[in-house]
There are 4 protein chains.
Amino acid sequence: MSHNSFGHLFRVTTWGESHGPALGCVVDGCPPGLTLTEAEIQVWLDKRRPGQGKFVTQRQEPDAVKILSGVFADERTAGQVTTGTPISLMIENVDQRSRDYSEIARAFRPGHADYAYFAKYGVRDYRGGGRQSARETAARVAAGAVARKILEGVSIRGAVVQIGPHAADPARFDWDETLNNPFWCPDATMVSVWEQHLEKIRKAGSSTGAVVCVEATGVPAGWGAPIYGKLDAELAAALMSINASKGVEIGAGFAAAAFSGEENADEMRPGNDGPVFLSNKAGGVLGGISTGQAVTARVAFKPTSSILSPRQSVNEDGEAIELRTKGRHDPCVGIRAVPVVEAMTACVLADAFLRHRGQTGGGAFSPGSSVRR
Amino acid sequence: MSHNSFGHLFRVTTWGESHGPALGCVVDGCPPGLTLTEAEIQVWLDKRRPGQGKFVTQRQEPDAVKILSGVFADERTAGQVTTGTPISLMIENVDQRSRDYSEIARAFRPGHADYAYFAKYGVRDYRGGGRQSARETAARVAAGAVARKILEGVSIRGAVVQIGPHAADPARFDWDETLNNPFWCPDATMVSVWEQHLEKIRKAGSSTGAVVCVEATGVPAGWGAPIYGKLDAELAAALMSINASKGVEIGAGFAAAAFSGEENADEMRPGNDGPVFLSNKAGGVLGGISTGQAVTARVAFKPTSSILSPRQSVNEDGEAIELRTKGRHDPCVGIRAVPVVEAMTACVLADAFLRHRGQTGGGAFSPGSSVRR
Amino acid sequence: MSHNSFGHLFRVTTWGESHGPALGCVVDGCPPGLTLTEAEIQVWLDKRRPGQGKFVTQRQEPDAVKILSGVFADERTAGQVTTGTPISLMIENVDQRSRDYSEIARAFRPGHADYAYFAKYGVRDYRGGGRQSARETAARVAAGAVARKILEGVSIRGAVVQIGPHAADPARFDWDETLNNPFWCPDATMVSVWEQHLEKIRKAGSSTGAVVCVEATGVPAGWGAPIYGKLDAELAAALMSINASKGVEIGAGFAAAAFSGEENADEMRPGNDGPVFLSNKAGGVLGGISTGQAVTARVAFKPTSSILSPRQSVNEDGEAIELRTKGRHDPCVGIRAVPVVEAMTACVLADAFLRHRGQTGGGAFSPGSSVRR
Amino acid sequence: MSHNSFGHLFRVTTWGESHGPALGCVVDGCPPGLTLTEAEIQVWLDKRRPGQGKFVTQRQEPDAVKILSGVFADERTAGQVTTGTPISLMIENVDQRSRDYSEIARAFRPGHADYAYFAKYGVRDYRGGGRQSARETAARVAAGAVARKILEGVSIRGAVVQIGPHAADPARFDWDETLNNPFWCPDATMVSVWEQHLEKIRKAGSSTGAVVCVEATGVPAGWGAPIYGKLDAELAAALMSINASKGVEIGAGFAAAAFSGEENADEMRPGNDGPVFLSNKAGGVLGGISTGQAVTARVAFKPTSSILSPRQSVNEDGEAIELRTKGRHDPCVGIRAVPVVEAMTACVLADAFLRHRGQTGGGAFSPGSSVRR
């Protein structure tokens, strides 16, 4: 990871501010010959798009993606396919509602990165948060759509498992249910609780945190690498880099701290296609390498920092001020983070796959066999 | 982070297996002119060294570090100083106790990376876990000692805040207390509880997880960078790359998910040296950039996977087996992880400092001033 | 350097094909607070722009650059300035003259990368050469314009010193003269020779090679780093990455092979500002580090591969064919390479400057002084 | 390439000074399962080893390599094999002949990097040149030996084609002849000329430059990548990073500048295994991608800077001095550079192979076929 790029062989560089003309990314290292259209990317952007309910920001952005390079179609290709050269994706900013920024132009909003940007750079685009804006995540989602094309056989999906103090019940976890409500909530009984909680928060001009989980199934054994290229270390970096993320767990995560060794070690039995694990405390990763189980992670998101209650702060002149943040904001950024968490997971896995194939030729050894497959 | 390297301008590459002749690291990009002796590195290695109590592995390793390159002394230098060229550090393996590995040579120990390594590489050094062994962390601690030399004015210290189900009381947190007990426990009332818990576990041939916290004070505002070079994202990767780590939190971490926006946003008041924050839920990082507050993180460690109770598993031939792991093992790897967590934090901060200085010239803007200082 | 990116702290990623909707680059790591407008970048693009004379391609492209991100202006900034976030630059392709590509769609043009792309990727955008097109160098020139803003006090200029067999006379080398003719030729007596040579070649539908030299003055001592980050090694990579480049020399280059040690070693005398060198065989770099002398390099360009004479070749079906390359082509790509060579030199130097500042704090030691300045 | 590392998936980091206890490298990313013994590496080090004739330095170093990690052997492996983890190679410095460095400790030897190191770092290990010493290339040769194991089917060999003003005749080029003389000279008639030239130079305490060529056969089409990861750009960086290198050519190199397009474009005819090229002006690389032809390059080496004739210089106090460099030196470093040039070529190719396999799965498309092979 360098400042605005991540990944190694599958490498994504994002650019753009909230209120500039556009934002986007360059996806370098994509294998050639994969079908890729704007519509296929748009599906995922639409999932992330704001303006889809009263609990997400009311900014109206079509978030229409354009592919500017890296694909080609003629009568010999299977439709439009990747060429192996950089894929440049651009999303124009449309709804940069004209407003007066004089109140926040010199003020440091608590919980936002305003002061940190000021201290580091001395200059900052304060309109809509500039580069700090969660709009940057649209570029990640677009890149993630490309990554998914590489990950044949891998399925990645996310859910919100906690909003504020209200956690979904793991015993009632149902992936299908996540498609039935606007919260990606897997626990049908929790939907109305969250709805009421969010309504109360919205009315109060407040906000709330959330926990998002992600699961990637179909990841074969052997991806990732010791020691610093560990699959879980790269996943941790990718997920912690998402706006408002404050914590990442792999598998059992912090709960593992309370476990005994007997509880924690996932036992194995022989299977047709490698070992069958009797549990998945590890979250599909051991020693930084995938085991063939589902890769699972959880991410904690802090509440949106923009709230209506006045908070004490400081401005660029060093004066004490009181500040309340008006504008169009999600009361719970965690909800819209779901497709972003999925996208980052997809990018990490795509990169791990290509690097694994580079070093080893790909595939994995299975017990009882002497050849890689 | 590539496979066995981390950092960008301050870049560490580690090598070595548990039962090879030696292990070590190459530290590239260190600024010139810093005093550096083997004794100064040894201090930190001694803190990590096994064989120091009944609750850590009984393997007896002096872990004596040798500096093979990158330093120079003559009558004009202030003692032995770094030259800006790569610092090669080597620790010879001494206590590679001769034993019979026939039982585990073809077996996959549950919770260990044995199967993952086998699947990926087809061949693995099973003696003492080979490259998976926690002995690799000695090289990290050595690198961290170099990083600390760069971080003038920054103080980094860690503590164990939970062992198994027994968490230290935050209200009784006392850094001085961590030096009074073998667990780096900051809560004096918890020491005997942990002692009894570990004694029970040790006798049962079992193991337990733990949570380690780390705090870096004296970090000025401005280090780190959006978007993927975020200080907290790099910290997450560094801490998740430590053996047995399963979760990382920055600041309030997962607790932030339950917060309201009012609870979460750290308010600011004018101070002499930049804003004074009234709380530190952010853990010293906003938008991926340090704010001048203490940088705080927590890491969850799973229990040692080596336990005496027989566990179901599979071997390289695909046969069902039962396995119990004998040998010299820590019942709680989290304890010995403290200096490793500190070292990784130091390495991340040193790299962030150098990159910040590269891009901006260093220093930070303060409210009310128009010059970087 | 990864596939489509170069540089470390100052990192450029380019994208785009000859006949796609646009091409461009993302410049990451630029220091904040530098004034930067589209007009300032356009100056350099206009220097590279095709359609400026009968000896360069007649494709008519305005090559108008747009800054999509990374700059900001309000009443407090000194005009529009960089913010330290990624600068996205885009150049739309306008003159993608509609033509029939059926003749070359399946053919491998000798000297072009057609076959190599086919072999590697299996699919390729053959329109105008796709990603192989020299149009990609427009993005480099745009990035170089940003790099120049960082390099205060450094002056970079290039010249053509040989076209075909006709070399400029070093004794008549005059930088001012390069601005008086369409060839960037520093030797006034050579201009008419080249003119006649190129006219003959153009009429014959042939092409010719060239040698370009570049000089950067004002580079202080201390930039670059042993061993693989050598300033000259990075310059070599950057210049060899330009389309049609086949050789790179630093300082005396290949001539140094015939020198004796006495001839080669640049002697030094004390100066006010570090040593004064009595010659510059080294090209301003020793041990990979700048010495304060002018950094000088030369680059060999092969003749344009597109020629009217039929050449033997093969097509995608493996059939023997004869091929002649029609279209709008420079008879001598070396001429238009001058601003590209300058731009790559600027990018390498900007990156070296930032990395030097990162590791050491910047500046250099002078003989007779004990402080860095 | 960062400061002391090169390569991406196959990544080499070297460390060590001329007069420190040892030097070495860490080779990361090597595929698992390749047989690798110290003896196999030693073969190449012996080829580079000083003290083998009167025209190379008389320093007596056994240059015995030790493998410290990354390999494993048991009854199931085919001898000692790589495990996919970092291979740490160490060569102890034995003949650090005790001498008095007071004369050069504060002096800047002309042509050496003494002043550049001083300006950059302020401190330097002046004993034997410290990190600038050509002894560092032993680590490259060791890494190259590992790279060769990856490059099954690829043959890499180098020759000296010019010493001082005396160039070998391309028409008499005979690879077999390079093994019959101490100069790796491919032209039997040139051997005595070089012998006399070098004898004269040695007696005069002078030195001379040289040109080395390298050829890699068996490289399949498809390795390397546009635009900045071009195979020739990476080769240029690798070869320019060798001590005393001042120029790199690929294929026809600078001669191509004088060519017409007709002369330069290598024509193709159908072959059984891809196109057959009728010439190789390109040096086996088009658009940065290998074509299946031999990859060829030439490197210019300046004369050894250490000579007995007094030269004017400056010391650290800024005083004018005269300096002559005594000690054990090669009169022509180009001779001993041959195995280093080969090794760097091997490392670049190994990395290109692994990255190609990562992005595409490996292999290449052939005309007339629709599958990668």
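On a predicted model such as this, the values are computed, not experimentally measured, just so you know.

Enquirer: Describe the sheet that holds strand E2 (residues 11–16) of chain B, naming the residues involved and giving the relevant values.
Expert: Remark on secondary structure: sheet strands pair via backbone hydrogen bonds, oriented parallel or antiparallel. Residues and elements named next belong to chain B. Taking strand neighbours across the sheet as the criterion, the five strands line up as E1-E2-E3-E7-E4 in an open arrangement whose pairing is antiparallel. The open sheet has two edge strands with one neighbour each: strand E1 (5–6) and strand E4 (65–67). Of the strand pairs in this sheet, E4 and strand E7 (residues 87–92) are connected by three bridges, and their pairing is antiparallel. Bridge pairing links Val65 to Ile91 in E7. Across the sheet, helix H3 (residues 136–150) touches E2, strand E3 (22–28) and E7, and the angle it forms with E3 is around 30°.

Enquirer: Go over helix H6 (residues 231–240) of chain D with me, naming the residues and quoting the values.
Expert: Most of H6 of chain D is tucked away, with ten of its ten residues classed as buried. All of the buried residues along H6 of chain D are Leu231, Asp232, Ala233, Glu234, Leu235, Ala236, Ala237, Ala238, Leu239 and Met240 of chain D.

Enquirer: Outline the relation of the copies chain C and chain D, listing residues and values.
Expert: Note on the identical chains: chain C maps onto chain D by a rotation of 180° and an axial translation of 0.0 Å, with an RMSD of 0.0 Å. This pairing of chains is accounted for by a two-fold axis. The rotation axis passes nearest to the C-alpha of Ala237 of chain C in chain C, at a distance of 2.4 Å. Comparing contact sets, 98% of the residues at the interface of chain C also lie at the interface in chain D, consistent with an isologous, same-surface contact.

Enquirer: Residues and numbers for the interface of chain D and chain A, please.
Expert: Contact residues are listed per partner, giving 14 residues for chain D and 14 residues for chain A. Interface of chain D and chain A: buried area, both sides summed, is about 1,000 Å²; carbon and sulfur atoms make up 56% of it. Looking at the side of chain D facing chain A, the largest losses of area belong to Arg357, Gly358 and Gln359 of chain D, adding up to 49% of the total buried there. There are zero salt bridges connecting chain D and chain A. Connecting chain D to chain A are nine residue pairs in polar contact (both at pLDDT 80 or more). Tallied by class, residues from the side of chain D that touches chain A come to five nonpolar, six polar and three charged.

Enquirer: So what about the sheet that holds strand E3 (residues 22–28) of chain A? Which residues, and what values?
Expert: All names here are of chain A. If you walk across this open sheet you meet the five strands as E1-E2-E3-E7-E4, and the pairing is antiparallel. At either end of the open sheet lies a strand with only one pairing partner, and these are strand E1 (5–6) and strand E4 (65–67). Here E3 pairs with strand E7 (residues 87–92) via six bridges, running antiparallel. In the sheet register, Cys25 faces E7, and the bridge partner there is Leu89. Together, E4 and E7 form the strand contacts of helix H1 (residues 38–48), whose direction differs from that of E4 by roughly 150°.

Enquirer: Can you lay out the packing of helix H1 (residues 38–48) of chain B against helix H7 (residues 333–360) of chain B for me, pointing to particular residues and giving the numbers?
Expert: Residue and element names in this part refer to chain B. The N-to-C vectors of H1 and H7 enclose an angle of 145°; their axes lie 8 Å apart at closest approach. Across the interface between the two elements, Trp44, Lys47 and Arg48 of H1 pack against Arg336, Pro339, Val340 and Glu342 of H7. Counted by class, the contact of H1 with H7 contains three nonpolar, no polar and four charged residues.

Enquirer: Break down the interface of chain C and chain D for me, citing the residues and quoting the values.
Expert: Taken together, the contact between chain C and chain D spans 121 residues of the former and 119 residues of the latter. Buried area between chain C and chain D, summed over both chains or domains, comes out near 9,000 Å², and the portion from carbon and sulfur atoms is 59%. Contact with chain D buries area across many residues of chain C, yet Lys120, Tyr228 and Lys246 of chain C alone supply 10% of it, more than any other trio. In this structure, Glu267 of chain C engages Arg311 of chain D in a salt bridge whose closest nitrogen and oxygen atoms are separated by 3.7 Å. Where chain C packs against chain D, one counts 61 residue pairs in polar contact (both at pLDDT 80 or more).

Enquirer: Before we move on, could you go through the state of the cysteines and cite the residues and values that matter?
Expert: By definition, a disulfide links two cysteine residues through a covalent bond between their sulfur atoms. Scanning the entire structure with this criterion turns up zero disulfides over all chains. No disulfide involves Cys25 of chain D; its sulfur sits 8.2 Å from the nearest other cysteine sulfur, which is in Cys347 of chain D.

Enquirer: Which residues make up unusual backbone geometry, and what values do they have?
Expert: Among all residues except glycine, the phi angle is most often negative; among peptide bonds, the trans geometry is most common. In this chain, Pro226 of chain B is followed by Ile227 of chain B through a cis amide linkage whose omega measures 0°. Along the chain, the position of Ile227 of chain B falls in the loop between strand E10 (210–217) and helix H5 (231–240). Positive phi, close to 75°, is recorded for Ala244 of chain D, a residue that is not glycine. Position of Ala244 of chain D relative to the elements: it lies in the loop between H6 and strand E11 (245–250).

Enquirer: An account of the packing of aromatic side chains is requested, with residue identities and associated values reported.
Expert: Scanning all chains against the criterion turns up 46 aromatic pairs over all chains. An aromatic cluster is present here, built from Phe108, Tyr115 and Phe118 of chain A together with Phe277 and Phe365 of chain B joined pairwise through their rings. It is Lys47 of chain A that lies over the ring of Trp184 of chain A; its NZ or CZ is 4.6 Å from the centre.

Enquirer: Explain the side chain of Asn93 of chain D to me, and be specific about the residues and the numbers.
Expert: Residues and elements named next belong to chain D. With respect to the helices, strands and loops of the structure, Asn93 is situated in the loop between strand E7 (87–92) and helix H2 (102–105). A distance of 3.1 Å separates the side chain of Asn93 from the backbone oxygen of Glu17, its partner in a polar contact. Separated by 3.3 Å, the side chain of Asn93 and the backbone oxygen of Ser18 make a polar contact.

Enquirer: Before we move on, can you summarise the packing of helix H1 (residues 38–48) of chain C against helix H8 (residues 338–360) of chain C with the specific residues and values?
Expert: All names here are of chain C. Contact pair H1 / H8: the axes reach a minimum separation of 8 Å and the direction vectors enclose 140°. With respect to each other, H1 and H8 are oriented oblique. Residues Trp44, Lys47 and Arg48 of H1 form the contact with H8, whose participating residues are Pro339, Val340 and Glu342. Of the residues in the contact of H1 with H8, the class split is three nonpolar, no polar and three charged.

Enquirer: I'd like a rundown of the pairing of E3 of chain B, residues and numbers included.
Expert: All names here are of chain B. For E3, the buried fraction is high: seven of the seven residues fall into the buried class. The alternating pattern of E3 places Ala22, Gly24, Val26 and Asp28 on one face and Leu23, Cys25 and Val27 on the opposite face, and all of these are buried. As paired elements, E2 and E3 share six bridges and run antiparallel to each other. Its bridge partner being in E3, Val12 is matched across the sheet by Val27. Hairpin remark: E2 followed by E3, antiparallel, with five residues in the connecting loop.

Thresholds, definitions, all that
- Residues numbered from 1 in each chain as written.
- Chains lettered and ligands numbered in written order.
- Predicted model: local features only at pLDDT ≥ 70, side-chain atom pairs only at ≥ 80, totals over all residues.
- Heavy atoms only, no water.
- Pairing = 2+ DSSP bridges.
- Helix = DSSP H or I, 4+ residues; strand = E, 2+ residues; numbered from the N terminus.
- Contact = heavy atoms within 4.5 Å.
- Axes fitted to C-alpha atoms, helices over the stretch in contact; angles between N-to-C directions.
- Buried < 20%, exposed > 50% of the residue type's maximum accessible area, 1.4 Å probe, protein only.
- Least-squares fit on C-alpha atoms with pLDDT ≥ 70 in both.
- Buried area = accessible area lost by both parts, 1.4 Å probe.
- Salt bridge = Lys/Arg side-chain N within 4 Å of Asp/Glu carboxyl O.
- Polar contact = N/O pair within 3.5 Å; in protein donor to acceptor, adjacent residues only side chain to side chain.
- Nonpolar A, V, L, I, M, F, W, Y, C, P; charged D, E, K, R; others polar.
- Disulfide = S-S within 2.5 Å.
- Phe/Tyr/Trp six-rings, centres within 6.5 Å; stacked < 30°, edge-to-face > 60°.
- Lys NZ or Arg CZ within 6 Å of the ring centre and 35° of its normal.
- Parallel < 35°, antiparallel > 145°, perpendicular 65-115°, else oblique.

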